[in-house]
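Each chain is listed here by its residues.
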Amino acid sequence: MTGKIPVSAPIIAKNEADRIGTAIRSVRDWVDEVHVIDSGSEDETVQLSRELGAHTHFRAWTGYGPQKVHGETLCRNHWVLNLDADEEISPELRDEIIALFEHGEPPHSAYCMLRTELYSFHDRPHPWAPTSDWVRLYRKDRAGYKDSPVHDTVVVHTGKTGRLRGRMYHRSFRSFRHHVDKVNSYSSAQAEDRFRKGRNPSWLTLLLTPPLAFLKCLILRREFVNGIDGVLISYMYAFQRFIRLAKTRERFQLERRKQAGK
């Protein structure tokens with residue numbers, strides 16, 4: 001490439017030295033700037049990010065949404081490509097994004113891209129691997145992240161949303177142990193959020209959620225293409241859906257005991 005496109009790429013991170021290099025390398029040669037917003041890493045995340053050419057910043061953790069909103073304020077370009085430290089832009093998606101800027105301003109305010117999970121047993125995902133749609137490329141004066149501490153979602157305020165066909169790879173879990181640790185932490189935040197919104201799960205929801213979540217993951221999300229590993233992943237998905245409900249119910253029970261003076 002002879003030049004870079006007018007896009008800024010913010011990445012939030014904490015203790016991601018083993019993964020953030022892949023994220024930075026997937027964008028640094030063709031976007032105008034990369035920002036890493038670190039929330040207190042105890043490993044080599046910050047040092048590695050600097051060595052790879054990213055601007056590094058510290059911001060104490062206040063939640064997913066607030067961290068990403070802060071990342072947007074650091075970007076000098078209107079266009080933002082928001083990545084997580086465990087994500088990677090594929091070469092096909094890179095070329096597709098570059099092509100959007102070949103003739104100036106892209107026609108839409110934001111763009112969805114397909115995200116595919118990469119597990120420890122993958123070099124590259126199965127051709128039929130499940131994908132999910134995420135808005136990650138957008139003009140920050142027309143779209144942006146909500147400041148929710150739990151749900152990091154881009155809201156498009158003005159204009160239309162386009163769709164890209166290339167894939168973004170997501171290495172969410174280093175191992176099953178990491179999966180359990182991450183689910184445990186995130187589900188606690190989800191339970192607190194659901195409690196604040198008054199969403200106490202019914203006994204029927206608690207009963208039906210695990211088996212339905214397992215089937216959804218295995219069949220509708222096509223984890224069956226990964227064989228027995230897909231079955232294990234589906235069980236983990238069912239667990240993470242269940243544990244957030246169990247913690248939510250527990251939170252309501254503790255509040256009732258508190259109100260009763262017990």
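My aim in this report is to walk through the structure given alongside it, one point at a time. In this text, all values refer to a predicted model and were calculated from it rather than measured experimentally.

Remarks on helix H6 (residues 203–220)
Reasoning step 1: For H6, which comprises 18 residues, the first-to-last C-alpha distance of 25 Å matches the rise-based estimate of 26 Å (1.5 Å per residue) to within 8%.
Reasoning step 2: The largest bend in H6 is about 40°, located at Thr 209, with the proline Pro 210 one to four residues further on.
Reasoning step 3: Contacts from the buried residues of H6 go to helix H7 (228–259).
Reasoning step 4: Looking one or two places after H6, you find Arg 222, whose phi comes out positive at around 60°.

So, the nonpolar core
Reasoning step 1: Of all hydrophobic cores here, the largest spans 31 residues; its most connected members are Ile 97 and Leu 137.
Reasoning step 2: Taken together, the elements giving at least two residues each to this core come down to strand S1 (5–13), helix H1 (20–25), strand S2 (31–38), strand S4 (79–81), helix H4 (91–100), strand S7 (110–117) and strand S11 (161–170).
Reasoning step 3: One finds Cys 75, Tyr 138, Ala 143 and Val 154 within the second-largest nonpolar core, a separate group that totals nine residues.

Let's talk about the packing of aromatic side chains
Reasoning step 1: In the structure shown here, the tally under the stated rule is seven aromatic pairs.
Reasoning step 2: Aromatic side chains Trp 61 and Tyr 64 sit 4.9 Å apart centroid to centroid with 90° between the ring planes, which places their arrangement in the edge-to-face category.
Reasoning step 3: In this structure Trp 61 comes out as partly exposed when scored by relative accessible area, which is 43%.
Reasoning step 4: Ring geometry for Trp 79 versus Phe 101: centroids 5.7 Å apart, planes at 85°, classification edge-to-face. Separated by 22 residues along the polypeptide, Trp 79 in strand S4 and Phe 101 in the loop between H4 and S7 bring together distant segments of the chain. The same class applies to Trp 79 and to Phe 101, which are both buried.
Reasoning step 5: A cation over a ring is seen here: Arg 251 above Phe 195, with NZ or CZ 3.9 Å from the ring centre.

What counts as what
- Residues numbered from 1 in each chain as written.
- Predicted model: local features only at pLDDT ≥ 70, side-chain atom pairs only at ≥ 80, totals over all residues.
- Heavy atoms only, no water.
- Helix = DSSP H or I, 4+ residues; strand = E, 2+ residues; numbered from the N terminus.
- Expected span 1.5 Å × (residues − 1).
- Bend = angle between axes of the 7 residues up to and from the residue.
- Contact = heavy atoms within 4.5 Å.
- Core = buried A, V, L, I, M, F, W, Y, C linked by side-chain atoms within 4.5 Å.
- Buried < 20%, exposed > 50% of the residue type's maximum accessible area, 1.4 Å probe, protein only.
- Phe/Tyr/Trp six-rings, centres within 6.5 Å; stacked < 30°, edge-to-face > 60°.
- Lys NZ or Arg CZ within 6 Å of the ring centre and 35° of its normal.

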